[in-house]
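# Coordinate inspection notes
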Amino acid sequence: MQELSALEASSPCAVERVLNDIPKELNNMYSALVKHLAERNVLFIKILIWVAYAERPLTIEELQDAINSDPSIKPYQSLSEIAEHRQYFDEKLINSKLGNLLSIKKHPGPYSPFILDDLEESSRIFFQHQSAKDFFERNRNSGIFYPSVAVEPDRYLAHTCLFYLTATETTQWAIKLATYDSSTFQKRMNDKPILHYAATNWFKHMKTREQAELRETTALIEQILYGKSPLLAVSLVFTWKHRFNKIAETFSYKYFDSTLIYFAISSKTLWLAQQIFDSKPYSESFDQVDMNEVASEWPEFFTWLCTERKEQFFKMLSPNFGEELVNYVREFKHDGTSNGPMCASLGAFVTNTNTGIATIGNILENMLWALIGRRSSMLYECELIRLLLDKSANFTTTDNHLRLAVQSDLDKITLEMIFSRWHENITILQELVTIAVTAEIYGDRKLETLELLSTKV
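None of these values were measured; they are calculated from a predicted model. Residue numbering note: each chain is counted from 1, following its sequence as written. Totals for whole chains, interfaces and linings use all residues, but because this is a predicted model, local features are given only for residues with pLDDT of at least 70 and pairs of side-chain atoms are given and counted only at 80 or more. Hydrogens and waters are ignored; side-chain quantities use all the structure's heavy atoms.

### As for the overall build of the protein chain
What counts here: Under the scheme used here, helices are H or I runs from DSSP no shorter than 4 residues and strands are E runs no shorter than 2 residues, and both carry numbers assigned from the N terminus. Each residue gets one of three labels from its accessible area relative to the maximum for its type: buried under 20%, exposed over 50%, partly exposed in between, using a 1.4 Å probe on protein chains only. What makes two residues a contact is simply this: any of their non-hydrogen atoms within 4.5 Å.
Scanning the protein chain for helices and strands turns up 28 helices and two strands. In the protein chain, which comprises 457 residues, the proportion classed as buried is 49%. Long-range contacts, defined as pairs at least 24 residues apart, comprise 70% of the intrachain contacts of the protein chain with a sequence gap of at least 6.

### Quick notes on the packing of aromatic side chains
Let me state the cut-off plainly: By convention, a stacked pair of Phe, Tyr or Trp rings (six-membered ring in the case of Trp) has centres within 6.5 Å and planes under 30 degrees apart, an edge-to-face pair has planes over 60 apart, and any other such pair is tilted. Only Lys NZ and Arg CZ are tested; either one counts as a charge over a ring when it is within 6 Å of the ring centre and within 35 degrees of the ring normal.
Scanning the model with the defined rule gives twelve aromatic pairs in all. For the ring pair Tyr 53 and Phe 145, a centre distance of 6.2 Å and an interplane angle of 85° mean the geometry is edge-to-face. Pair noted here: Tyr 53 is in helix 3 (residues 42-53) and Phe 145 is in the loop between helix 7 (130-138) and helix 8 (153-166), with a separation of 92 residues, a long-range link. In this structure Tyr 53 comes out as buried when scored by relative accessible area, which is 1%. On the accessibility criterion, Phe 145 (4% relative accessible area) is buried. When the ring of Phe 277 is compared with that of Trp 304, the centres are 6.0 Å apart and the planes differ by 85°; the resulting orientation is edge-to-face. Of this pair, Phe 277 sits in helix 17 (residues 270-277) while Trp 304 is found in helix 19 (residues 299-308), placing the two residues 27 residues apart along the sequence. Considered together, Phe 277 and Trp 304 belong to a single accessibility category, that of buried residues. Site record: aromatic cluster; members linked through ring pairs are Tyr 30, Tyr 53, Phe 127, Phe 135, Phe 136 and Phe 145. The aromatic ring of Phe 126 is capped on one face by Lys 105, whose charged end is 5.4 Å from the ring centroid.

### What to know about the confidence of the model for the protein chain
So the rule is basically this: Every residue carries a pLDDT, the predictor's confidence in it, which falls somewhere between 0 and 100.
Scored by pLDDT, the protein chain comes out at a mean of 75, with 71% of its residues at no less than 70. Here residues 1-11 is modelled with pLDDT under 50, and outside its nearest four sequence neighbours on either side it reaches eleven contacts, counting other chains as well. Ignoring residues within four places in sequence, the model shows residues 240-257, a span with pLDDT below 50, making 40 contacts including any to other chains.

### Thoughts on the environment of Trp 298
Mapped onto the fold, Trp 298 is located in the loop between helix 18 (288-297) and helix 19. As a C-alpha pair, Trp 298 and Thr 269 span 29 residues in sequence and 9.9 Å in three-dimensional space. Setting aside residues no more than four positions away along its own chain, Trp 298 makes contact with Ala 264, Ile 265, Lys 268, Thr 269, Leu 270, Ala 273, Glu 293 and Ser 345.

### Comments concerning the side chain of Thr 449
Along the chain, the position of Thr 449 falls in helix 28 (residues 444-454). Using a relative accessible area of 2% as the deciding quantity, one classes Thr 449 as buried.

### Some remarks on helix 9 (residues 168-175)
Basically, it comes down to this: By arc we mean the arc of the directions from the helix axis to the C-beta atoms, nothing more.
Among the residues of helix 9, those classed as buried are Thr 170, Trp 173 and Ala 174. All buried residues of helix 9 lie within an arc of 100° about the axis, which places them on one face of the element.

### Describing the nonpolar core
Quick note on the threshold: Each nonpolar core is a collection of buried residues, namely Ala, Val, Leu, Ile, Met, Phe, Trp, Tyr and Cys, held together in the definition by side-chain atoms within 4.5 Å.
Counting 117 residues, the largest nonpolar core has Trp 50, Leu 102 and Trp 202 as the members making the most contacts within it. Setting aside its immediate chain neighbours within four residues, Trp 50 contacts Leu 58, Leu 63, Ala 66, Ile 67, Tyr 156, Leu 157, Thr 160, Cys 161 and Tyr 197.

### Things to note about the environment of Phe 314
Looking at the element boundaries, Phe 314 is found in helix 20 (residues 310-316). Placed 35 residues apart in sequence, Phe 314 and Phe 349 show a C-alpha to C-alpha distance of 9.9 Å. In this view, Phe 314 contacts Phe 349, Asn 352 and Thr 353; residues no more than four positions away in its chain are not counted.

### A few points about the environment of Ile 60
Its place among the elements puts Ile 60 in helix 4 (residues 60-67). Exposure remark for Ile 60: the relative accessible area of 11% places this residue in the buried category. Taking the C-alpha atoms as reference, Ile 60 lies 9.4 Å from Ile 94; in sequence the two are 34 residues apart. With near-sequence residues (within four places) excluded, Ile 60 lies in contact with Phe 89, Asp 90, Glu 91, Ile 94, Ile 104, Ser 123 and Ile 125.

### A closer look at the side chain of Lys 46
Assignment of secondary structure puts Lys 46 in helix 3. With a relative accessible area of 11%, Lys 46 lands in the buried category. With sequence-adjacent residues up to four places away left out, Lys 46 is seen in contact with Ile 67, Asp 70, Val 149 and Tyr 156.

### Considering the packing of helix 3 against helix 7
Under the convention used in this document: The axes are straight lines fitted to the C-alpha atoms, using for helices just the contacting stretch, and the angles between their N-to-C directions are given from 0 to 180°. For this classification, under 35 degrees means roughly parallel, over 145 means roughly antiparallel, 65 to 115 means roughly perpendicular, and everything else is oblique. Ten residue types, Ala, Val, Leu, Ile, Met, Phe, Trp, Tyr, Cys and Pro, are classed as nonpolar, four, Asp, Glu, Lys and Arg, as charged, and the remainder, Gly among them, as polar.
For the pair helix 3 and helix 7, interaxial distance at closest approach is 10 Å and the crossing angle is 95°. Judged by the angle between their axes, helix 3 and helix 7 are roughly perpendicular. The segment helix 3 lies against helix 7, with Leu 48, Ala 52 and Tyr 53 engaging Lys 133, Phe 136 and Glu 137. Grouping the constituent residues of the contact of helix 3 with helix 7 by class yields four nonpolar, no polar and two charged.

### Re helix 24 (residues 379-391)
What counts, and what does not: One less than the number of residues in a helix, times 1.5 Å, gives the span that helix is expected to have.
Taking 1.5 Å per residue as the helical rise, helix 24 with its 13 residues ought to reach 18 Å, and the 18 Å between its terminal C-alpha atoms agrees with that figure. Looking at helix 24, one finds that the buried residues are Glu 381, Cys 382, Leu 384, Ile 385, Arg 386, Leu 388 and Leu 389.

### Observations concerning the packing of helix 8 against helix 13 (residues 215-226)
We apply this condition: Crossing handedness follows the turn of the near helix against the far one: under a right angle anticlockwise gives a left-handed crossing, and clockwise gives a right-handed one.
One can describe the packing of helix 8 onto helix 13 by two numbers: an axis separation of 10 Å at closest approach and a directional angle of 40°. What the angle tells us is that helix 8 and helix 13 run oblique. With respect to the hand of their crossing, helix 8 and helix 13 are arranged in left-handed fashion. In contact with Arg 155, His 159, Leu 162, Phe 163, Leu 165 and Thr 166 of helix 8, helix 13 contributes Glu 216, Thr 217, Leu 220, Ile 221, Gln 223 and Ile 224. A class-by-class count of the residues in the contact of helix 8 with helix 13 yields six nonpolar, four polar and two charged.

Following this line, the structure appears as structure tokens:
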């Protein structure tokens, strides 16, 4: 900025040159600062990693608990074994040693139905400047923290969260969880500041199944997901927005398999859902309700099921699945706000189905005419109609279909495809013109419809 002010008759080229140099200078400054801090104390680097890459701002208590639960020092089994290595720091230390990078502000906590004061403001740690946050995000996997922390930041955070959830003390605490009333629960929570974060975010720090299958995390993930221990319930309790009295039901494990499936779906984490689905008997617990939920909310996972697990996918479909899909189409909101994901899922379903099967053919045909009957101009709905027409070469347009189409807001390409399937006589042409003229569609769409009809004379 001093260089900018020093430019007297600043030409556009001179200003642009100085501005282009600013990111390079900041990058070099932050890199040098990280190197300097690493030489002074590894603790500073760990603080920066948690502030930079945590899924939400942390309190000082959470940050202390997280850093002091680092299992990378040696293979611990319990939190008490780490006690001798605990490092104490407070707001004063952060301000004095990292004040040029970090600031501490009052900020509301994350929502949780189990933490009574979670909506109250508490001191949380942030970067002083957006440029610092941007620098660390750009260097997420660049190795700038090596050798202070020997692995990628997300791997370090994931391992810490998993260790905390599977530590002996957490297991013992979780076993008693169902017996606690809300006040006792709150008191016990105060002793485990990072538990809420670990339970709700451990899977978010692993982006792929390959990362989840690393040596240090595989056994911990299996303990949480497949061991039927209270640890899964801890994660579910903090993830779901249930009432407090639902905790006891979670511990009954009467519906453990379906509970795990719901956890996979609600996590919206693709690798986690894939891993759980591939682990029997959990894949057998997927039911039609689960399938409908995935189709309407999570097209990425639905597409994976359609394409990568096609045989299992079609075995899971109920006889009424097609009818339910058609009903979904009919219930689409006309503002289009929630139709995109479902259209993507339906597109995957259409692309991967065998139209030679009579029931599938009927499903697709009903879906097609349900879409046309919506009279929607939404791009993804028009694309889905064209996909259905391409997929089903034997579909024939009837007079009723045309009556629906000419009073719709469909684009010209989609209308032409619908008319190309019309194999009947021209006797209703005048009726179609009348419908199009009086229909509540305006501007170019109405003109395009009338022009198309004029070509059929």
